[in-house]
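# Structural characterization, general
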Amino acid sequence: MAIRNIRELGDEVLRKHCKPVKEMTPRLRGIIEDMFDTMYDAYGVGLAGPQVGILKRVVVIDVDGEHPFVLINPEILETDGSQTGSEGCLSVPGKHAVVTRPNYVKVKAQDIDMNWFELEGTELLARAIQHECDHLDGILYVDKKEGPLLDNEEE
Ligand code: NI
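I will try to describe carefully the structure that is included in this document. Per chain, residues are indexed from 1 in the order of the written sequence. Thresholds applied to this predicted model are a pLDDT of at least 70 for local features of residues and 80 or more for the giving and counting of side-chain atom pairs; totals over whole chains, interfaces and linings are not thresholded and use all residues. Each side-chain value is derived from all of the structure's non-hydrogen atoms; neither hydrogens nor water enter the calculation.

## Some details on the overall build of the protein chain
Of regular secondary structure, the protein chain possesses two helices and eight strands. Here a helix means four or more residues in a row that DSSP labels H or I, a strand means two or more in a row labelled E, and each is numbered from the N terminus. Going residue by residue from the N terminus, the α and β elements of the protein chain occur as α-β-β-β-β-β-β-β-α-β. For the protein chain, whose C-alpha radius of gyration is 15 Å, the value lies close to the compact-globule estimate of 15 Å for 155 residues. In terms of its C-alpha atoms, the protein chain occupies a principal-axis envelope of roughly 45 × 35 × 30 Å. Of all 155 residues assigned to the protein chain, the portion counted as buried reaches 46%. Look at the contacts in the protein chain between residues 6 or more apart in sequence, and 66% of them connect residues 24 or more apart. Shrake-Rupley sampling with a 1.4 Å probe provides the accessible areas, and residues are treated as covered by the protein chains on show and by no other component. Of the roughly 7,900 Å² of accessible surface on the protein chain, a fraction of 48% belongs to carbon and sulfur atoms. A gap of 9 Å separates the mean positions of the 17 positive and 29 negative side-chain charges of the protein chain. Two things to know: the radius of gyration comes from C-alpha atoms, and the globule rule equals 2.2 Å times the number of residues to the power 0.38. When accessible area is computed with a 1.4 Å probe and restricted to protein chains, residues below 20% of their type maximum are described as buried, those above 50% as exposed, and intermediate ones as partly exposed. When checking whether two residues touch, look at their non-hydrogen atoms; a contact exists if any pair is within 4.5 Å. For the purpose of charge, His is not counted, nor are the chain termini; Lys and Arg are scored as positive and Asp and Glu as negative. Where a charge lies is defined by one atom per residue type: Lys uses NZ, Arg uses CZ, Asp uses CG and Glu uses CD.

Here you go:
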C-alpha cells in the first residue's frame with residue numbers, strides 16, 4: 001500500500017491531455033493499486049491518473065465504498081438527463097461548487113486485464129464517471145461550476 005501525493009489546482013500536470021494505455025504492465029498495476037489506496041485514504045470517490053502525476057488514461061472510482069471500478073481508456077458512449085448538485089475534487093481540497101451534468105452515463109472502458117466492458121451509472125456514479133473522464137483531458141470541475149467555489153465548512 002502506498003499513498004501518493006495528490007496534485008492540486010494550479011499544478012500544470014492537471015491540465016495535460018493523457019495518453020491512452022496500450023498494455024497492462026506490473027508497474028501500471030502498482031500505480032492503480034496506489035490510486036485506490038490514495039483515493040480511500042483521502043475519502044474520495046474517484047481519482048484520475050493526472051491527480052497523482054500519471055498522464056495515462058486511467059481512473060479509479062468507488063462511490064459507495066463497495067463497488068470499486070478501474071476504467072482504462074474510458075469513452076463516454078451516451079448521456080441523458082440532467083443533475084445539478086454539489087461537486088468536489090481531491091485536487092481542490094476543502095472546496096465544492098455546484099455543477100450541472102447529465103444524470104445518466106454509459107461508458108466503455110478496459111478493465112485491469114485490458115478487457116473492454118461497459119458501465120452505466122446515474123446520479124453520483126454518473127457524476128463521478130464524467131468528472132474523472134474530464135480529468136484525462138485536463139478539465140476540472142471548477143471550469144464547469146455555476147457560482148462561486150465554496151468552502152466545505154460553509155454549508
Ligand atoms: Ni477530481
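So, next bit.
## Quick notes on the layout of surface pockets
Taken as a whole, the largest pocket spans an internal volume of roughly 350 Å³. Lining the largest pocket are 20 residues, with Val45, Glu87, Gly88, Cys89 and His131 sitting closest to its centre. Elements represented by at least two residues in the lining of the largest pocket include exactly strand S4 (83-87), strand S5 (95-101) and helix H2 (123-135). The element that contributes the greatest number of residues to the lining of the largest pocket is H2, accounting for five residues. Buried and open spaces are told apart on a 1 Å grid over the protein atoms alone, a cavity being a set of points where a 1.4 Å probe fits but cannot get out and a pocket being an open set with protein on both sides within 12 Å along at least five of seven lines. Residues with an atom within 4 Å of a point are the lining residues. Grid points are joined across faces, edges and corners, and a volume is the space filled by probe spheres set on the points.

## Considerations on the coordination of the nickel ion
Surrounding the nickel ion are the protein donor atoms Cys89 (SG), His131 (NE2) and His135 (NE2), which sit 2.0 to 2.2 Å from the metal. Read in sequence order, the donor residues for the nickel ion give the motif C-x41-H-x3-H. Taken together, the positions of Cys89 in the loop between S4 and S5 and His131 in helix H2 put the pair 42 residues apart, joining distant regions of the chain. Judged by its relative accessible area of 11%, Cys89 falls in the buried class. Because water is not among the atoms used, a metal site may look incomplete, as its donors are only the N, O and S atoms within 2.8 Å, or 3.2 Å for Na, K and Ca.

## Looking at the environment of Phe69
With respect to the element layout, Phe69 can be found in strand S3 (residues 69-80). Between the alpha carbons of Phe69 and Ile112 there is a distance of 9.3 Å; along the sequence they are 43 residues apart. Leave out the neighbours within four places in its chain, and Phe69 touches Phe36, Val59, Val60, Ile61, Leu119 and Leu125.

## Thoughts on the nonpolar core
Side-chain atoms within 4.5 Å are what join buried Ala, Val, Leu, Ile, Met, Phe, Trp, Tyr and Cys residues into a set we call a nonpolar core. Counting residues in each nonpolar core, the largest one holds 18 residues, and the members touching the most others are Ile32, Met35, Leu47, Val60, Val70 and Ile72. Broken down by secondary-structure element, the contributors of at least two residues to this core are helix H1 (26-41), strand S2 (58-61) and S3. Excluding residues within four positions of it along the chain, Met35 makes contact with Leu47, Ala48, Gly49, Val52, Val58, Val59 and Val60. Ala48, Val59, Ile129 and Leu136 belong to the second-largest nonpolar core, a separate cluster that totals 15 residues.

## Focus on the environment of Cys18
Positionally, Cys18 belongs in the segment before H1. Discounting residues that sit within four places of it in the chain, Cys18 has contacts with Pro50, Ile54, Leu55, Lys56, Arg57, His135 and Leu136.

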